[in-house]
Amino acid sequence: MFQLTRSVTWQALKGLQAKTADDRISDYFAADPQRFEKMSLRVGGLFLDYSKHQISDAVLDKLIELADHSALVQRRAQMFSGDIINVTEDRPVLHTALRNLGEGPLMVDGQDVMPEIQRTREQIRQFSEAVRSGEWTGFSGERIRDVVNIGIGGSDLGPNMACRALLKQRHPELNFHFVSNVDGAHIQKVLSRLDPATTLFIVSTKTFSTQETLLNAKTARRWFVERAGPDADVGAHFIAASTNRKAAMEFGIREENVFEFWAWVGGRYSMWSSIGLPIALAIGFEGFMAMLEGAYAMDQHFLTAPTAANMPVLMALIGIWYINFQGAETQAIVPYDQALHQLPAFLQQLDMESNGKSVDIFGRPVDYTTGPIVWGQTGSNGQHAFFQLLHQGTRYVPIDFIASLKPEAGMEDHHFALLTNMLAQANAFMEGSAKGGELDPYSCPGNRPSSTLLLDELTPKNLGALIALYEHKVFVQGVIWNINSFDQWGVQLGKRIAGEISERLDAHSQDFDASTQGLLRLVRAQLPTRDLPSAPPTSRGNKRRKA
Ligand code: F6P
């Protein structure tokens with residue numbers, strides 16, 4: 001059976017790592033004046049500079065060979081055509097279908113899924129236009145002014161990030177709020193500022209069984225009924241994005257206001273589906289479609305560009321070089337763009353929930369490291385917080401710098417400072433402080449790698465392309481590692497045990513370890529059992545349940 005780490009290419013890369021360990025990135029530039037031109041790439045409105053990496057030409061060639069010898073071509077075709085590649089959950093993975101703007105059918109289980117995707121798109125168009133125009137009114141006849149998305153994980157992070165990124169294009173009469181944390185302080189704070197007559201709640205949950213979301217949704221409904229009165233029309237103020245129509249209707253949502261999506265859309269890949277409804281409400285249906293268009297264009301690039309000029313594949317290979325051959329444990333995401341401040345959190349879930357796996361698709365333990373710890377925050381702030389460790393600490397952290405070129409009118413001086421700071425940092429990380437001179441103990445060693453991703457402008461289209469780029473990067477890494485990037489059994493375990501602990505709180509259950517029992521006693525002493533929320537029913541044992 002094929003073993004990745006025993007393959008000729010893998011072994012050659014190990015050899016190259018030893019050979020190039022002392023290479024300085026800046027020497028690569030000195031030796032090759034064309035390096036920037038050779039190691040940069042434009043796709044639509046995105047420009048990637050990947051020249052500041054400790055990657056020689058020979059290393060790059062071998063990395064490309066690694067991709068070419070992997071199952072990438074086959075697995076990519078399988079994903080786009082709806083084959084079951086999420087093997088543990090026995091599902092296709094078709095977020096790309098949601099942004100498919102091509103003409104042809106897409107058959108899943110003998111059925112063309114495109115008509116229902118188009119139907120839901122049309123439902124999103126009609127609804128978003130009605131709310132934005134003020135035609136959709138609440139129980140008092142007033143227009144909607146506040147939209148509250150209640151969801152968690154993939155049902156929060158994507159629309160939350162995108163609405164913040166595109167805030168400047170938001171409808172001037174609509175405000176957006178995102179409630180995810182089960183900590184009551186979160187929803188309390190949001191509700192305290194709202195008027196029920198002008199508030200619309202979107203209960204965003206693929207399964208309609210996630211404890212945090214259901215509890216927040218019930219609290220919102222109670223708040224609404226208490227303030228609006230028992231006769232007020234809950235149906236005019238609560239809608240849902242879910243695959244579970246029945247549960248949404250049992251909650252009190254009208255059938256026509258359940259915005260459907262499908263089991264083959266993974267939670268962290270769902271912003272292109274009805275889960276993206278807040279985006280359509282914020283920037284309009286055309287803006288939402290432009291985001292899909294950008295993602296579709298990136299999909300086409302990913303499908304057709306040769307390995308050596310394929311942006312997601314190159315980013316995946318660079319990551320693999322650091323994770324598997326240079327021992328990097330983490331990947332920093334540093335946007336020099338305040339509007340992208342939620343992007344690191346979004347990419348953290350995308351990457352870590354997808355590739356945080358230690359068995360391959362056959363369930364066998366892998367003997368190589370997989371997904372990195374993804375973290376980060378905006379660059380300006382990071383410079384005055386964690387950059388010190390990146391410059392002089394003992395860790396080796398590759399960085400993705402991300403920025404948009406076009407300044408906001410009237411803010412050109414800020415934008416210039418922002419971008420020059422980013423370029424200064426990328427340069428400093430590479431060259432260090434001892435340019436040509438002797439290193440004293442306090443100088444910065446440099447030779448720390450980074451990519452720079454520039455968006456011509458932060459438009460819905462370019463944002464769509466950016467997100468699709470990272471989705472495919474994560475996918476390619478998963479293929480090379482031969483893991484299933486589309487399940488999340490670790491998260492499921494936490495969900496199950498939370499349910500079990502809630503159920504057993506009263507019973508003085510001996511099922512849990514002594515520490516959990518002791519801590520539970522302290523919790524019980526503070527919380528009268530009758531006030532405890534009921535958790536979704538669970539069954540004991542190791543049964544795996546799908547999200
Ligand atoms: O975090 C695990 C997960 O299953 C995600 O994939 C999903 O986005 C999130 O929980 C929320 O689940 P749901 O959308 O079903 O409420």
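Preceding block: the structure.
Being a predicted model, the structure only gives us computed values, none of them experimental. (Residues numbered from 1 in each chain as written. Predicted model: local features only at pLDDT ≥ 70, side-chain atom pairs only at ≥ 80, totals over all residues. Heavy atoms only, no water.)

## Some remarks on the overall build of the chain
Cut-off, in case you're wondering: In this description a helix means any DSSP run of H or I spanning at least four residues, a strand means any run of E spanning at least two, and both kinds are numbered starting from the N terminus. Atoms considered for the radius of gyration are the C-alpha atoms alone. The globule rule reads 2.2 Å times the number of residues to the power 0.38. Between two residues, a contact is recorded if the distance between any of their heavy atoms is within 4.5 Å. Surface accessibility follows the Shrake-Rupley procedure with a 1.4 Å probe radius. Residue values consider only the protein chains on display as shielding. Counting rule for charge: Lys and Arg are taken as positive, Asp and Glu as negative, and neither His nor the chain ends is counted. To locate a charge, take atom NZ for lysine, CZ for arginine, CG for aspartate or CD for glutamate.
Along the chain, the regular secondary structure elements total 21 helices and 15 strands. A compact globule built from 547 residues should have a C-alpha radius of gyration of about 24 Å, and the chain, at 25 Å, falls within 12% of that. Each of the three principal axes of the chain carries a C-alpha extent, and together these read 75 × 60 × 55 Å. When contacts within the chain are restricted to residue pairs at least 6 apart in sequence, long-range pairs at least 24 apart make up 74% of them. Roughly 24000 Å² of accessible area belongs to the chain as shown, and the carbon and sulfur atoms make up 52% of that amount. Distance from the positive charge centre (52 side chains) to the negative charge centre (60 side chains) of the chain: 5 Å.

## A word on the side chain of S180
Secondary-structure assignment places S180 in the loop between strand 8 (175-179) and helix 9 (184-191). Each residue touching S180, except ones within four places of it in the same chain, is listed here: G151, I152, D156, H186, E212 and N216.

## Points about the sheet that holds strand 1 (residues 40-43)
By way of backbone hydrogen bonds, the strands of a sheet pair with one another, either parallel or antiparallel. Worth spelling out the cut-off: Whether two strands pair comes down to DSSP finding at least two bridges between them. Where helices are involved, their axes are fitted lines through C-alpha atoms of the stretch in contact, as for all axes, and angles between N-to-C directions lie from 0 to 180°.
If you walk across this open sheet you meet the 6 strands as 1-2-15-14-12-13, and the pairing is mixed. Both outer strands of the open sheet, strand 1 and strand 13 (373-375), are each paired with one neighbouring strand and no more. Between one strand axis and the next, the sheet turns by 15° as a mean value, whatever way the strands run. Both strand 2 (residues 46-49) and strand 15 (residues 450-455) contribute to a ladder of 4 bridges, which runs antiparallel. The partner of D49 across the bridge, within strand 15, is T452. Relative to strand 14 (residues 399-404), helix 18 (residues 412-431) is tilted by about 160°, and along the sheet it contacts strand 14 and strand 15. Here helix 19 (residues 460-481) sits on the sheet and contacts strand 2, strand 12 (330-335), strand 14 and strand 15; the angle it forms with strand 15, its principal contact strand, is near 150°.

## Regarding the packing of helix 13 (residues 285-304) against helix 19
How we decide: Any angle that is under 35 degrees is reported as roughly parallel, and any over 145 degrees as roughly antiparallel; angles of 65 to 115 degrees are reported as roughly perpendicular and all others as oblique. What makes a crossing left-handed is the near helix being turned counterclockwise from the far one by less than a right angle; a clockwise turn instead makes it right-handed. Throughout this entry, Asp, Glu, Lys and Arg are counted as charged residues, while Ala, Val, Leu, Ile, Met, Phe, Trp, Tyr, Cys and Pro are counted as nonpolar. The remaining residues, Gly among them, count as polar.
Packing of helix 13 against helix 19 leaves a shortest axis separation of 7 Å and a crossing angle of 40°. Accordingly, the angle class assigned to the pair helix 13 and helix 19 is oblique. Seen from above, helix 13 lies across helix 19 with right-handed handedness. Contacts between helix 13 and helix 19 involve G287, A290, M291, E293, G294, A295, M298, D299 and F302 from the first element and P460, K461, G464, A465, A468, L469, H472, F475 and V476 from the second. Of the residues in the contact of helix 13 with helix 19, the class split is 11 nonpolar, 4 polar and 3 charged.

## Some words on the packing of aromatic side chains
Selection criterion: Two aromatic rings, drawn from Phe, Tyr or Trp (for Trp, its six-membered ring), form a pair once their centres lie within 6.5 Å of each other, and the interplanar angle then sorts them: stacked below 30 degrees, edge-to-face above 60, tilted otherwise. Only protein chains enter the accessibility calculation, which uses a 1.4 Å probe; a residue is then buried when its area is under 20% of its type maximum, exposed when over 50%, and partly exposed in between. Placement of a positive charge over a ring is assigned whenever Lys NZ or Arg CZ falls within 6 Å of the ring centre and within 35 degrees of the normal to the ring plane.
The full count for this structure, using the stated rule, is 23 aromatic pairs. Where F127 meets W136, the ring centres are 4.8 Å apart and the plane angle is 75°; that geometry is what we call edge-to-face. Arranged with centres 5.9 Å apart and planes meeting at 85°, the rings of F224 and F238 form a pair that is edge-to-face. Residue F224 is located in helix 10 (residues 211-228), and its partner F238 is located in strand 10 (residues 238-242); the two are separated by 14 residues in the primary sequence. Of the two residues, F224 and F238, both sit in the buried class. Aromatic rings pair up to connect F139, F201, F208, W223, F224, F238 and F251 into one cluster. A cation sits over an aromatic face here: R221 above F251, 4.2 Å from the ring centre.

## Observations concerning unusual backbone geometry
With a phi angle near 55°, D90 is a residue other than glycine that sits in the positive phi range. Its place among the elements puts D90 in the loop between strand 3 (84-86) and strand 4 (91-92). Despite not being glycine, D109 shows a phi value in the positive range, around 55°. Looking at where D109 falls in the secondary structure, it is placed in the loop between strand 5 (107-108) and strand 6 (111-112).

## A few points about the pairing of strand 12
The element strand 12 is largely enclosed, with a buried count of 6 among its 6 residues. Of the two faces of strand 12, the one carrying T330, A332 and V334 and the one carrying Q331, I333 and P335 are both buried. Summarising the sheet, strand 12 and strand 13 pair through 3 bridges and their orientation is parallel. Paired with T330 across the bridge in strand 13 is I373.

## Focus: the site of the ligand
Applicable threshold: A molecule or strand has a residue near it when one of that residue's heavy atoms lies within 4 Å. Whenever a nitrogen or oxygen atom comes within 3.5 Å of another N or O atom, the pair is scored as a polar contact, on the condition that within protein one atom can donate a hydrogen and the other can accept it, and that pairs from neighbouring residues in sequence are kept only if both atoms are in side chains.
The full set close to the ligand counts 15 residues, and G154, S155, T205, T207 and T210 are the nearest of them. In the model, an oxygen atom of the ligand is placed 2.5 Å from a nitrogen or oxygen of the T210 side chain. Here the ligand, which alone exposes 390 Å², has 95% of that area covered by the protein. Mapped onto the shell around the ligand, the elements with two or more residues apiece are helix 15 (343-355) and helix 20 (489-504). Considering every element that reaches the shell around the ligand, the biggest residue donor is helix 20, with 3 residues. Residues that form the shell around the ligand fall into these classes: 3 nonpolar, 9 polar and 3 charged.

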